[in-house]
Amino acid sequence: MSGKPLQDDCFVHDKDRLRHQEALAILKERLSTVAGTETLRLEEALERILAEAVIAPRDVPLTDNSAVDGYAYRHSDHDEAGGFFRLQQRIAAGQTDATALSPWAAARIFTGAVMPPGADTVAMQEDCETHEQDGQDFVIVPQGLKKGANCRKAGEDVPKGTELLSPGQILRPQDLAAIASTGQAEVCVYRRLKVALVSTGDELRRPGEAISSGGVYDSNHFLLRGLCATLPVEIEDLGVLKDDADLIGATLQDAAARCDAVITTGGASKGEEDHILRILDELGKRQIWQLAVKPGRPMMFGTLGRCAFLGLPGNPVATMVCFLLYARPVLSTLAGGPFLEPRGFQVPAAFEVPKKKPDRREFYRGYLGTDAQGATVAHKFLRDGSGLITGLREADGLIEIPEEVTRIKKGDPVKFLPFSGFGIR
Ligand code: AMP
Ligand code: MG
């Protein structure tokens, strides 16, 4: 690990729960990059976070070249030549020996081939006529082409010296294409963040293990593993831990010494079997606990030494919502990237909520549909239980309802956050 340590001043909160925006503001303010850097070949750099700016070392394209198969000529010759040009040379893509164009001469040219010195315009082959006379080839170029037509100028895509990408940007396929177009083969990116995942609960078993009455299979691990795959993260699976404070404490302390972040699920509330908060308070610094958010109220954030700690609730719906809203921007920021916040849009509700508690923000599992008029509307998954993975699967996004709203009528505008905005489907 390298980079700046996390700020560890404790957030003092009163008994009023922290609001969603306040929690985000705390995270945004207190987090910075912890990941070190490495140099990677472009082949390996997809979805990685850039650590150093990429400056174009040369013009793209490198030279003026033809955008079509056709005939290159000097525009100012056209009228005098009556559009009638002597064919002087043939230039294919990659050919480097084009010679200067003589007056009233044209060059047969192909897409991507270097423009011969003196030529400034290309007529498409479909618009030209050629013929031979006394062993000499001629081409008749139509009137009306603008000077520069069908000619790509050196540097018109990227001029030399342009800052193509800046640190913190996530490398997309089109970014890698742009870097490749400048001839650069490597980029300096942040190392993958080391993230430990821990599931807690006496009742939990891993899939494949035997189970008896009261047992619950650990689905959160697979949920989090998949969600983490949308970030430059290396996962360390610490398995399932019993609700045993000493065991959990020792495991977390150990993991914190070698990881950039630890994420637990379960045991985050105030019950006697919930140990995570006490462990965080004992071994580290608590910065956030108890949000005015549903689902996800007991979510906590803090630090264990230099390691970021996220204690997510155990119910899978709360685990997923908390990951998307809080853990995702936390991990992205620690990894050198942006504080990822979803971009939503307003759509009319296709559902009703007669009574919603004020003062807390709610996130429903939702999906888009169309009404009778063909307009896009948001549906809400009907059952509210936060243990229902079915709702997460039926959804293609979250519906975000702010604190002050106390009822929703059909047709009311609601904010829809598509899963695609969180990097998942
Ligand atoms: P807790 O936050 O520990 O009180 O757990 C809340 C609910 O989530 C309980 O019904 C747990 O059995 C369930 N739960 C906790 N952890 C997991 C997990 N890893 N996978 C599936 N369900 C879980
Ligand atoms: Mg539990």
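Residues numbered from 1 in each chain as written. Chains lettered and ligands numbered in written order. Predicted model: local features only at pLDDT ≥ 70, side-chain atom pairs only at ≥ 80, totals over all residues. Heavy atoms only, no water.

- For the chain, the name recorded in an unreviewed UniProt entry is Molybdopterin molybdenumtransferase, with Roseibium aggregatum as its organism.
- One UniProt comment on the chain, placed under Function (unreviewed entry), says "Catalyzes the insertion of molybdate into adenylated molybdopterin with the concomitant release of AMP."
- Here the chain is described in UniProt, under the heading Pathway (unreviewed entry), as follows: "Cofactor biosynthesis; molybdopterin biosynthesis." (UniProt positions renumbered as here; feature names shortened; annotations may be inferred.)

1. Considering the site of ligand 1
Argument step 1. Among the 13 residues in the neighbourhood of ligand 1, the closest are listed as Glu203, Asp218, Ser219, Gly267 and Gly314.
Argument step 2. With respect to ligand 1, the side chain of glutamate 203 contributes an N or O atom lying 2.5 Å from an oxygen atom.
Argument step 3. A breakdown of the residues in the shell around ligand 1 according to their chemical character gives 3 nonpolar, 8 polar and 2 charged. (Near = heavy atom within 4 Å. Polar contact = N/O pair within 3.5 Å; in protein donor to acceptor, adjacent residues only side chain to side chain. Nonpolar A, V, L, I, M, F, W, Y, C, P; charged D, E, K, R; others polar.)

2. A closer look at a positive patch on the surface
Argument step 1. On the surface, Arg17, Lys270, Lys294, Arg297 and Lys357 cluster together into a patch of positive charge.
Argument step 2. Mapped onto the fold, arginine 297 is located in the loop between strand E19 (293-294) and strand E20 (300-304).
Argument step 3. Judged by its relative accessible area of 41%, arginine 297 is partly exposed. (Patch = residues over 30% accessible without salt bridge, like charges linked within 9 Å, V, L, I, M, F, W, Y side chains within 5 Å. Areas by Shrake-Rupley, 256 points an atom, 1.4 Å probe, with all protein chains shown as cover. Salt bridge = Lys/Arg side-chain N within 4 Å of Asp/Glu carboxyl O. Lys, Arg positive; Asp, Glu negative; His and termini not counted. Charge placed at Lys NZ, Arg CZ, Asp CG, Glu CD. Helix = DSSP H or I, 4+ residues; strand = E, 2+ residues; numbered from the N terminus. Buried < 20%, exposed > 50% of the residue type's maximum accessible area, 1.4 Å probe, protein only.)

3. Looking at the UniProt feature "domain: MoaB/Mog" (unreviewed entry) in the chain
Argument step 1. Residues annotated in UniProt with the feature "domain: MoaB/Mog" (unreviewed entry) correspond here to residues 196-333.
Argument step 2. End C-alpha to end C-alpha, residues 196-333 measures 17 Å, and it is 36% helix and 30% strand.

4. Points about the pattern of salt bridges
Opposite charge on two side chains lets them pair, provided their charged atoms get close.
Argument step 1. Within this structure, the stated rule accounts for 19 salt bridges.
Argument step 2. Ionic pairing is found between glutamate 400 and lysine 415, a salt bridge with its closest N-O pair at 3.9 Å. Here glutamate 400, found in strand E25 (residues 397-401), pairs with lysine 415, found in strand E26 (residues 413-418); they are 15 residues apart in sequence, far enough to count as distant.
Argument step 3. By relative accessible area, which is 31% here, lysine 415 ends up partly exposed.
Argument step 4. Via salt bridges that share partners, Arg361, Glu400, Glu403 and Lys415 belong to a single interconnected network.

5. A few points about the sheet that holds strand E9 (residues 136-140)
Argument step 1. What the 6 strands build is an open sheet, ordered E7-E4-E6-E5-E9-E8; its pairing is mixed. At either end of the open sheet lies a strand with only one pairing partner, and these are strand E7 (121-124) and strand E8 (129-133). Adjacent strand axes in the sheet meet at a mean angle of 40°, parallel and antiparallel pairs treated alike.
Argument step 2. As paired elements, strand E4 (residues 70-73) and strand E6 (residues 105-109) share 3 bridges and run antiparallel to each other. Bridge pairing links glycine 70 to isoleucine 109 in E6. (Pairing = 2+ DSSP bridges. Axes fitted to C-alpha atoms, helices over the stretch in contact; angles between N-to-C directions.)

6. Some points on the sheet that holds strand E18 (residues 285-289)
Argument step 1. What the 6 strands build is an open sheet, ordered E16-E13-E17-E21-E20-E18; its pairing is mixed. Sheet topology places strand E16 (233-241) and E18 at the edges, where each strand pairs with a single neighbour. For this sheet, the mean inter-axis angle between neighbouring strands, taken without regard to orientation, is 20°.
Argument step 2. Two elements, strand E13 (residues 193-200) and strand E17 (residues 261-265), share 5 bridges in a ladder whose sense is parallel. Bridge pairing in E17 links valine 198 to threonine 264.
Argument step 3. Across the sheet, helix H6 (residues 276-283) lies against E13, E17, E18, E20 and strand E21 (307-312), angled at about 35° from E20, the strand it touches most.
Argument step 4. Helix-sheet contacts for helix H7 (residues 316-334) involve E13, E16, E17, E20 and E21, and the interaxial angle to E21 is about 175°. (Contact = heavy atoms within 4.5 Å.)

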